[in-house]
Every structure is written in structure tokens, then in C-alpha cells.
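# Structural overview for review
Listed below are the residues making up each chain.
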Amino acid sequence: THSSSRKVFTVSSIIHNSMNKRNFLVTGASLAAATVLTTGCTTTGGASSSPAERRQAIDSSSDAALTRLYREAPGSQEIIAASRGTLIFPAVVSAGFIIGGSHGQGVLRKAGKSSGYYRMNEASIGLLGGAQSQALFISFMTDAAMNSFLNSRGWTVGVDGTVTLLTVGINARVTTQTVQQPIVGFVLTNGGLMANISINGNRITQLDL
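To start, this report covers the structure provided alongside it. (Residues numbered from 1 in each chain as written. Predicted model: local features only at pLDDT ≥ 70, side-chain atom pairs only at ≥ 80, totals over all residues. Heavy atoms only, no water.)

### Remarks on the overall build of the protein
Applicable threshold: Only DSSP runs of H or I covering at least 4 residues are called helices, and only runs of E covering at least 2 are called strands; the numbering of each starts at the N terminus. Whether a residue is buried, partly exposed or exposed follows from its accessible area with a 1.4 Å probe, protein chains only, as a fraction of its type maximum: under 20%, in between, or over 50%, in that order. The contact criterion used is simple: two residues touch if any of their non-hydrogen atoms lie within 4.5 Å. Computed with a 1.4 Å probe, the accessible areas rest on the Shrake-Rupley method; for each residue, only the protein chains presented here act as cover.
Check the secondary structure of the protein and you find 4 helices and 9 strands. Each helix and strand of the protein, placed in order from N terminus to C terminus, yields the pattern α-α-α-β-β-β-β-α-β-β-β-β-β. Sorting the 209 residues of the protein into buried and exposed places 38% on the buried side. Considering only contacts in the protein between residues 6 or more positions apart, those separated by 24 or more positions represent 71%. Working note: accessible area of the protein is about 11700 Å², and carbon and sulfur atoms make up 55% of it.

Have a look at this one:
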């Protein structure tokens, strides 16, 4: 009887420890996702910053992102210069685990000058299992595409306009001659330029700055 009681106690302890471990992992994953999302908010100026400070932070981060794009994708500077306007989101943060999504703040540059500041949000439910930060550039190559974006109160990628993501070709260069679509884009991750991902569903709205 004494031996049997010890066995029951041992099994109960294992079950208890297993449940605690599971709860710890789920809680830890949720906290990690929340931490990444919070960090993403601070990379382009906290909510407590003044509008001028937030604009300056977004512009500074966008300049750095452009410098890296021009370095890693020869020809991208020519495309952005030829565009009617380019949205630059220097740090779009994607986070997963329990509830996933992405968000970021950026600027619309027209003829090299900032003409508006925007927020990107994309929500999804699922086990994404990770987090990453990436820079996103969306160039409007025609007046019609640019005006459609400017006249919207909320513009969703893949719904209000199709963005063709570009990557460096065999000749290690992209040019305006290779761009036939009205809206093109670049995605930069820590691993470099990417084109085999989807940005559909991302909604872009203007910030009151």
C-alpha cells in the first residue's frame, strides 16, 4: 500500500509538472509576441513622442532602409526615382505564436520629399511560430495608381491594388525597362531581397502627423 501510494504521488507530480511546463511555454510565447510588437512600435517613435519627433524618427529609419536597398538591389534607385511616389516602411514587424499579424509605420516619398506618413496593419489568426522584421517599399509607377492610393481612406494590398514584388535578376540589376506593372515593390529581410512571399492583406492608412 505504501509503495502504491508513492507511485500515485509520482505520477501526479509528473502530470502537474507537465501542465506547468505547457502553461509556461504558451505564456512565454505570448509574451514574446507581445514584446516584438511593442518593440516595433518604438523603432519609429513612441506614441508619447511629439508629431515632429515621430516624423523625424520615421524619416531617419526610411533613409537608412533606402540606403540598404540601393546597395543590395542595383537599379532600385532608378525605379524609385521614376515612380510617382514610393511608400517606405523601414520596419514591418511580423509576430506569431498564438495570434499573428504585422504592423509598421512609414512615409510616402514623392520626388524625394516626404508627403505623408502611414501605418500598415495586417491581422491573422494562426500559429505562425516566429517573428521577423523586414523593410517594405511600394512604388506607384503610374499617375492612376498613385491617385487611387491617395484618394482612398484605407488601401489594402491585393484588394485595392496588386503589388508585384521585384528581386535582382541574373544580371544582378533591376531596371525601369523590366518594370511593366503599375505598382511594384521590394521586401528586404535580414537575409536580403525577397520576392517569393506575399504581402496581400496588408492595409495602409494615413497617420495623423
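### Points about the side chain of Thr 86
Quick reminder of the rule: Pairing of N or O atoms within 3.5 Å defines a polar contact, subject to two protein rules: one partner must be a possible hydrogen donor and the other a possible acceptor, and residues neighboring in sequence count only if both atoms are side-chain atoms.
Relative to the helices and strands, Thr 86 resides in strand 1 (residues 85–95). Polar contacts involving the side chain of Thr 86 include one to the side chain of Ser 83, which spans 3.0 Å. Within the local environment of Thr 86, its side chain forms a polar contact with the side chain of Ser 139, the two groups lying 2.8 Å apart. Every residue in contact with Thr 86, bar those within four places of it in the chain, is listed here: Ile 80, Val 107, Leu 108, Arg 109, Phe 137, Ile 138 and Ser 139.

### Topic: the pairing of strand 7 (residues 183–189)
We apply this condition: At least two DSSP bridges between two strands are needed for those strands to be called paired.
Of all 7 residues making up strand 7, 7 are buried, and the element is well covered by its neighbours. The side-chain alternation of strand 7 yields two buried faces, one formed by Ile 183, Gly 185, Val 187 and Thr 189 and the other by Val 184, Phe 186 and Leu 188. Taken together, the 2 bridges between strand 6 (residues 164–165) and strand 7 define a ladder with parallel strand orientation. Across the sheet, the residue bridging to Leu 165 is Gly 185, located in strand 7. As paired elements, strand 7 and strand 8 (residues 192–194) share 3 bridges and run antiparallel to each other. Its bridge partner being in strand 8, Leu 188 is matched across the sheet by Leu 193. The turn linking strand 7 back onto strand 8 is made up of 2 residues.

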